[in-house]
Amino acid sequence: MRLLSFNELKATKGVPYAKQHIYRLMATGEFPRSVQLSANRVAWLESEIDSWINERVDARDRVAA
């Protein structure tokens, strides 16, 4: 199990959103929830981010088909 910081979401996974937008998406259940590591630090499970990305690709492919 690997944890990703906000910077890693952008750099390694290509998530183009600002922190504020990610938190809005999390609040509506449209983005994986973060894991609280300390009072001022959160991270996301890489497997959940990968699944979230794959869901978007699958939705795109269903529309295109």
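Since this is a predicted model, take the numbers as computed values, not measurements.

Novice: Can you explain helix α2 (residues 19-27)? Please cite residues and give values.
Specialist: Listed as buried for α2 are Ile22, Leu25 and Met26. The buried residues of α2 occupy an angular sector of 100° when the element is viewed end-on, so they sit on one face. Relative to its buried face, α2 has exposed residues pointing more than 90 degrees away, namely Gln20, Arg24 and Ala27. The secondary structure elements touched by the buried residues of α2 are α1 (6-13) and β3 (41-45). Downstream of α2 by a residue or two, Gly29 has a phi angle that is positive, lying close to 80°.

Novice: How would you explain the sheet that holds strand β2 (residues 35-38) if you had to name every residue and give the values?
Specialist: Read across the sheet, three strands follow the order β1-β3-β2 without closing on themselves; strand pairing throughout is antiparallel. Only two strands of the sheet have a single neighbouring strand rather than two, namely β1 (3-4) and β2. With two bridges joining them, β1 and β3 adopt antiparallel strand pairing. Following the sheet pairing, Leu4 is matched in β3 by Trp44.

What counts and what doesn't
Residues numbered from 1 in each chain as written. Predicted model: local features only at pLDDT ≥ 70, side-chain atom pairs only at ≥ 80, totals over all residues. Heavy atoms only, no water. Buried < 20%, exposed > 50% of the residue type's maximum accessible area, 1.4 Å probe, protein only. Helix = DSSP H or I, 4+ residues; strand = E, 2+ residues; numbered from the N terminus. Arc of directions from axis to C-beta. Contact = heavy atoms within 4.5 Å. Pairing = 2+ DSSP bridges.

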